[in-house]
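Structural description and commentary
In case you want the letters, here they are:
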Amino acid sequence: MSTTPQAALSFGVLLRVFLRSLFLQASWNPKGMQNLGLAYAVYPALMALYPRGPAREEAVRRHLVFFNTHPYVAAAIVGGVINHEERIARGEETPDKVVAFKAALMGPLAALGDGFFWLSLKPATGAVSAALVPLLGVWAVPLFLVLYNLVHLLLRVRLYWLGLTLGDRLVEAVARANLPARGARLRAVAAASAGGVAAWLAVSFGANAGGLYAPLLAAGCLALGVASYVLVSRRVPNYVVLYVAAGLACVAGAFL
Amino acid sequence: MSVVWTHVALAGLWGGLVALERKAFLQAMLSRPLVAATVMGALLDDVASGLAIGMLLELFFLGTANLGAALPENDTLAATGASAAAATLSAATGASSTPAIWSLAVLLFIGLGRVGRRGDRLLEGYTARLARVALASAEAGNLTRAMRQNLWGMWPHFAVYGALTALCALLGFFIEPLLQALPPVVVRGLAWAWPAMASVAAAIAAQGSHARRAPLYAGLGAAVVTVSVVCVLLLEDR
């Protein structure tokens, strides 16, 4: 473990910081939220930048304050923190700059990440893959992982790099990615895929049941889907709708 | 009925690993129901159960998201628990898995999503204690100890949810006599419940997609698929 500060961080240290940022939420807690995770991630850089003693302790303490953002987009902030800490270590800026940088960015980036990853990319890839289960079978699972993680991992690495190289200016670069508009398109794909899989289930159920009832069963299953949509939109709990549908189908299956 | 303990152990191990991935490390979606349940099925020699349950629960929980401090239902625990129970249940019957088994497993174990949310909330008390230890250690100048606290936060998730999933796998063996005791009409009813529940889950997914014109897009998707499948069926009949 080095006790001599470095002028610039090595690739090895930067890689360690990135890999440790994957543990950002390991000790998520209600008071400081991701504070332990952030301090844990940037610690190798702080060890390289500051000599053992009060300077390093002070640097660690300023990253143990409240911190919370989206875990993927946090890579940009982690990179930005390293960028600021390098300048602080060189005496080019005061420590309050890095604290202000985190405070200013964590909220907006959390909203951006939640909207794109949690509310758009995840539902879209999940619904498309679930809809492809009838066609691809078990191969729908690796497809889901590849589709999701191509975007997730590439963006995570890119955001970290933007933070490292641009510091405060990363905001403009992130804005140029236009994630909200892409998210809206992905949500439409999710809805269309969900509708498609509902229709496939209904029609194939009718076809498998066969006989005179086949069109009726398919139509009934589709009607159940539409009714469920309306009920859930009117805030009837999902579980209630699911159990009622199962009960109705059980009765129909037992007596038809 | 004989319990296959290797299945119980494998279920616990995979349940614990995906619980870690969901909350503490990477979050590359290995913990999503479609993946977690299918792999569970593969580990317990019943891919069909895992895939079917994974697809249904993926759709059912599609709209859930961990936003800020709000905790969503634990879709991973519901998926690993239900798929483990379905796999051991069909292993206990000695036959291949059926839609009736999938329905029974989902109806009995989908509530684990809420149990898991409660568990997540309780585990936050432990991580709050770790945060206090880390702050005190940093104040005292013991930075290595302060940083180590972050990793200690992961293991309760692995242990608690691994144990719960193993318990579900064990329960699957004990539910088998119950399934055998059901009258044939009820088993037929459970088989019909499968496509009905999957349709409902898909409708919930469309609603949970957060799309601005979700009914329009879902309707378009349904229309295209209906026409395509009907055309294929008619061509096959010729």
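Everything discussed here concerns the structure shown above.
Attention here is on the structure that accompanies the text. Everything numeric in this text was worked out from a predicted model, so none of it was measured. (Residues numbered from 1 in each chain as written. Chains lettered and ligands numbered in written order. Predicted model: local features only at pLDDT ≥ 70, side-chain atom pairs only at ≥ 80, totals over all residues. Heavy atoms only, no water.)

**Observations concerning the interface of chain A and chain B**
On the chain B side, the residues contacting the 80 residues of chain A number 84 residues. For the pair chain A and chain B, the two sides together bury roughly 7,400 Å², of which 75% comes from carbon and sulfur. The interface formed by chain A and chain B contains zero salt bridges. One can count 18 residue pairs in polar contact (both at pLDDT 80 or more) joining chain A with chain B. At the level of secondary structure, the elements contributing two or more residues to the side of chain A that touches chain B comprise helix H2 (35-49), helix H3 (54-61), helix H5 (96-136), helix H6 (140-166), helix H8 (179-209), helix H9 (214-233) and helix H10 (238-255) of chain A. For the side of chain A that touches chain B, the per-class residue count stands at 56 nonpolar, 17 polar and seven charged. (Contact = heavy atoms within 4.5 Å. Buried area = accessible area lost by both parts, 1.4 Å probe. Salt bridge = Lys/Arg side-chain N within 4 Å of Asp/Glu carboxyl O. Polar contact = N/O pair within 3.5 Å; in protein donor to acceptor, adjacent residues only side chain to side chain. Helix = DSSP H or I, 4+ residues; strand = E, 2+ residues; numbered from the N terminus. Nonpolar A, V, L, I, M, F, W, Y, C, P; charged D, E, K, R; others polar.)

**Remarks on the pattern of salt bridges**
Residue and element names in this part refer to chain B. One pass over the full model with this rule turns up ten salt bridges over all chains. Two residues, arginine 32 and aspartate 75, come together in a salt bridge whose shortest N-O distance is 2.7 Å. Of this pair, arginine 32 sits in the loop between helix H1 (5-23) and helix H2 (33-43) while aspartate 75 is found in helix H4 (residues 75-93), placing the two residues 43 residues apart along the sequence. Looking at aspartate 75, the relative accessible area reads 5%, which means it is buried. (Buried < 20%, exposed > 50% of the residue type's maximum accessible area, 1.4 Å probe, protein only.)

**Observations regarding a nonpolar patch on the surface**
A cluster of nonpolar residues, A:Leu135, A:Leu136, A:Val138, A:Trp139 and B:Val47, forms a patch on the protein surface that exposes about 520 Å² of accessible area. You can see A:Trp139 is positioned in the loop between H5 and H6. Judged by relative accessible area, A:Trp139 falls into the exposed class, the value being 63%. (Patch = residues over 30% accessible without salt bridge, like charges linked within 9 Å, V, L, I, M, F, W, Y side chains within 5 Å. Areas by Shrake-Rupley, 256 points an atom, 1.4 Å probe, with all protein chains shown as cover.)

**Description of H2(B)**
The buried count for H2(B) comes to eight of eleven residues, which makes it a mostly enclosed element. Positive backbone phi, at 60°, marks B:Asp45, one or two positions downstream of H2(B).

**Details of the packing of H5(A) against H8(A)**
Residue and element names in this part refer to chain A. It is the contact of H5 with H8, at a shortest axis distance of 8 Å, that shows an interaxial angle of 25°. Classified by the angle their axes make, H5 and H8 are roughly parallel. The hand of the H5/H8 crossing is left-handed. Across the contact of H5 with H8, the residue classes tally to 19 nonpolar, four polar and two charged. (Axes fitted to C-alpha atoms, helices over the stretch in contact; angles between N-to-C directions. Parallel < 35°, antiparallel > 145°, perpendicular 65-115°, else oblique. Left-handed = near helix turned anticlockwise from the far one by under 90°.)

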